[in-house]
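The chain contents come next:
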Amino acid sequence: RGQFAKIRGFTVGLASLAQCLRHLPQTVQTLRTRSTDDISLGSFLLMALGASMFMVQGFLTGNLPLAIANLCTTTMSSIIFGIKLHNDLRKRREGR
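**Observations regarding the packing of helix α3 (residues 41-61) against helix α4 (residues 64-94)**
- Between α3 and α4, the least distance of the axes is 7 Å, while the angle of their chain directions is 155°. In terms of their interaxial angle, α3 and α4 are classed as roughly antiparallel. In the packing of α3 onto α4, the handedness of the crossing is left-handed.
- Residues that form the contact of α3 with α4 fall into these classes: 16 nonpolar, eight polar and two charged.

**Comments concerning the state of the cysteines**
- Tallied over the entire structure, the rule returns zero disulfides.
- Not part of a disulfide, Cys20 finds its nearest cysteine sulfur in Cys72, a span of 3.0 Å.
- The exposure class assigned to Cys20 is buried, which follows from its relative accessible area of 13%.

**Here we look at the confidence of the model for the chain**
- Per-residue pLDDT for the chain averages 88, and the proportion of residues at 70 or more is 98%.
- When pLDDT is averaged over each helix and strand of the chain, the minimum, 83, is found for helix α1 (residues 2-21) and the maximum, 92, for helix α2 (residues 24-33).

**Topic: the packing of α1 against α4**
- Across the interface, α1 lies against α4 with an axial gap of 8 Å and an inter-helix angle of 10°. When the axes of α1 and α4 are compared, the pair comes out roughly parallel. Here Val12, Ser16, Gln19 and Cys20 of α1 lie close against α4, whose contacting residues are Pro65, Ile68, Ala69, Asn70, Cys72, Thr73 and Met76.
- Its residues placed into classes, the contact of α1 with α4 shows seven nonpolar, four polar and no charged.

**Comments concerning the side chain of Asn70**
- Along the chain, Asn70 falls in helix α4.
- With relative accessibility at 4%, the residue Asn70 sits in the buried group.

Calculation criteria
Residues numbered from 1 in each chain as written. Predicted model: local features only at pLDDT ≥ 70, side-chain atom pairs only at ≥ 80, totals over all residues. Heavy atoms only, no water. Axes fitted to C-alpha atoms, helices over the stretch in contact; angles between N-to-C directions. Helix = DSSP H or I, 4+ residues; strand = E, 2+ residues; numbered from the N terminus. Parallel < 35°, antiparallel > 145°, perpendicular 65-115°, else oblique. Left-handed = near helix turned anticlockwise from the far one by under 90°. Nonpolar A, V, L, I, M, F, W, Y, C, P; charged D, E, K, R; others polar. Disulfide = S-S within 2.5 Å. Buried < 20%, exposed > 50% of the residue type's maximum accessible area, 1.4 Å probe, protein only. pLDDT = per-residue confidence, 0-100. Contact = heavy atoms within 4.5 Å.

See below:
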């Protein structure tokens with residue numbers, strides 16, 4: 001049982017790290033270029049919403065890996081969503 005708990009803890013930690021880092025390349029690219037033409041607004045809205053719900057669940061249940069991983073995902077998805085929304089609204093005002 002002790003060995004299983006160690007493996008489980010390692011797996012949860014690795015999954016949480018992967019969850020945190022999965023949006024990092026897109027977030028960095030979007031921040032650098034401000035280009036969001038090929039990004040789906042709805043997709044990032046739903047990702048941010050879903051991640052925020054899992055974050056709340058993690059905090060409410062005391063599951064810190066779940067909460068922290070989804071805090072990272074929520075933050076990065078929200079950044080990309082915000083830039084995408086800004087760009088789309090600017091294009092609409094400019095008539096493109």
